[in-house]
Structures are given as C-alpha cells and as structure tokens.
Amino acid sequence: MDDADLPVLIYSTFPNLDEAKRVGDALVGARLAACVNVFPGMISIYEWKGARQADEEVAMIVKTRAGLTEEIMAEVKRLHPYDVPALLVLPTIGGSEDYCAWIVGETQGGRT
C-alpha cells in the first residue's frame with residue numbers, strides 16, 4: 001500500500017450535533033472521508049482567551065487516507081464555526097486489510 005493510501009483518523013470537535021453532521025456529510029459527499037463518526041454528549045474543559053470554559057461539544061472522527069489529510073483539514077476549517085477548530089491527525093499502525101482497502105476505495109474521488 002502506498003504511503004498516501006495509509007489510513008489515518010482526523011479528530012475534531014464541534015459546538016453541536018447539527019454542525020458536526022453538516023461537516024461530516026460534506027466530507028463523505030466529497031469522497032474525502034470513507035466514514036465519519038460523531039459522538040455527542042461530551043464536555044470540554046479548557047482555557048480560551050484567559051477564561052476557563054466548560055462547554056458541551058460533539059467529537060468527530062474522520063476515517064480517511066493520509067494523502068487527503070491537508071485537503072480535509074482545509075475543508076473542515078472552511079466549514080467549521082470555531083475560529084480555531086481542534087484538528088488532530090492520528091496515524092494508524094495497522095488494521096483489517098479489507099477495511100483499509102474500503103477506505104481507499106471510498107475516497108478515490110478525493111485528491112491523491
């Protein structure tokens with residue numbers, strides 16, 4: 001498998017379920033992601049502009065291939081309601097050969 005085809009997970013958070021679903025649907029529709037998992041019901045505790053925050057958020061994990069990472073991050077930033085969205089790329093070290101091939105097949109419409 002080419003390095004650009006290696007599966008990666010991209011983690012992000014959103015203020016609510018509708019926003020996460022909107023962005024996830026756009027990524028799958030553009031064939032940038034094979035699948036997007038959305039996890040509602042999360043509480044995030046963090047500091048922003050000098051003030052402690054505790055907000056309900058929704059986590060999203062994008063299943064894609066390494067070669068699409070930069071394009072996905074640019075698209076999420078474009079669509080995201082936050083000024084500084086959480087975007088973390090999580091490399092994988094293995095997985096089911098059939099599942100990894102499915103990710104590649106589902107994202108063939110995206111770049112490299």
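Reading the values: rules and limits
- Residues numbered from 1 in each chain as written.
- Predicted model: local features only at pLDDT ≥ 70, side-chain atom pairs only at ≥ 80, totals over all residues.
- Heavy atoms only, no water.
- Salt bridge = Lys/Arg side-chain N within 4 Å of Asp/Glu carboxyl O.
- Helix = DSSP H or I, 4+ residues; strand = E, 2+ residues; numbered from the N terminus.
- Buried < 20%, exposed > 50% of the residue type's maximum accessible area, 1.4 Å probe, protein only.
- Arc of directions from axis to C-beta.
- Pairing = 2+ DSSP bridges.
- Axes fitted to C-alpha atoms, helices over the stretch in contact; angles between N-to-C directions.
- Contact = heavy atoms within 4.5 Å.

Now for the pattern of salt bridges. On inspection of all chains with the given rule, the structure shows 4 salt bridges. Asp5 is paired through a salt bridge with Arg65; the nearest N and O atoms lie 3.4 Å apart. A residue pair is termed long-range when its members are at least 10 positions apart, and Asp5 in the segment before strand S1 (7-14) and Arg65 in strand S3 (residues 51-65) qualify at 60 residues. Between Glu75 and Arg78 there is a salt bridge whose closest N-O contact spans 2.8 Å. Of this pair, Glu75 and Arg78 both sit in helix H2 (residues 69-79), 3 residues apart, roughly one helical turn. For Arg78, a relative accessible area of 59% gives the class exposed.

Attention now goes to H2. Those residues of H2 lying buried are Thr69, Ile72, Met73, Val76 and Leu79. One side of H2 holds all its buried residues, which, seen down the axis, span an arc of 135 degrees. Set apart from the buried face of H2 by more than 90 degrees, the exposed residues are Glu70, Lys77 and Arg78.

Excluding glycine, residues mostly have negative phi values, and the peptide bonds linking residues are mostly trans. Unlike most non-glycine residues, Arg31 shows phi in positive territory, near 60 degrees. Assignment of secondary structure puts Arg31 in the loop between helix H1 (17-29) and strand S2 (35-48). Overall, the relative accessible area of 33% leaves Arg31 in the partly exposed class. The phi torsion at Lys49 lies on the positive side, around 55 degrees, for a residue other than glycine.

This part covers the sheet that holds S1. Two modes of strand pairing occur in sheets, parallel and antiparallel, and in both the strands are linked by backbone hydrogen bonds. In spatial order, the strands read S2-S3-S1-S4; together these 4 strands make up an open sheet with antiparallel pairing. Each end of this open sheet is capped by a strand with a single partner; those strands are S2 and strand S4 (88-91). Averaged over all pairs of adjacent strands, the angle between strand axes in this sheet comes to 30 degrees, irrespective of strand direction. Sheet topology note: the S1/S4 ladder contains 4 bridges and is antiparallel. Looking at S4, one finds that Ile10 is bridged to Val89. Across the face of the sheet, H2 comes into contact with S1, S3 and S4 while running at roughly 10 degrees to S1. Against the sheet, helix H3 (residues 97-106) contacts S1, S2 and S3, and its axis sits at roughly 95 degrees relative to S3.

Interpretation in functional terms is not warranted from these geometric data alone.
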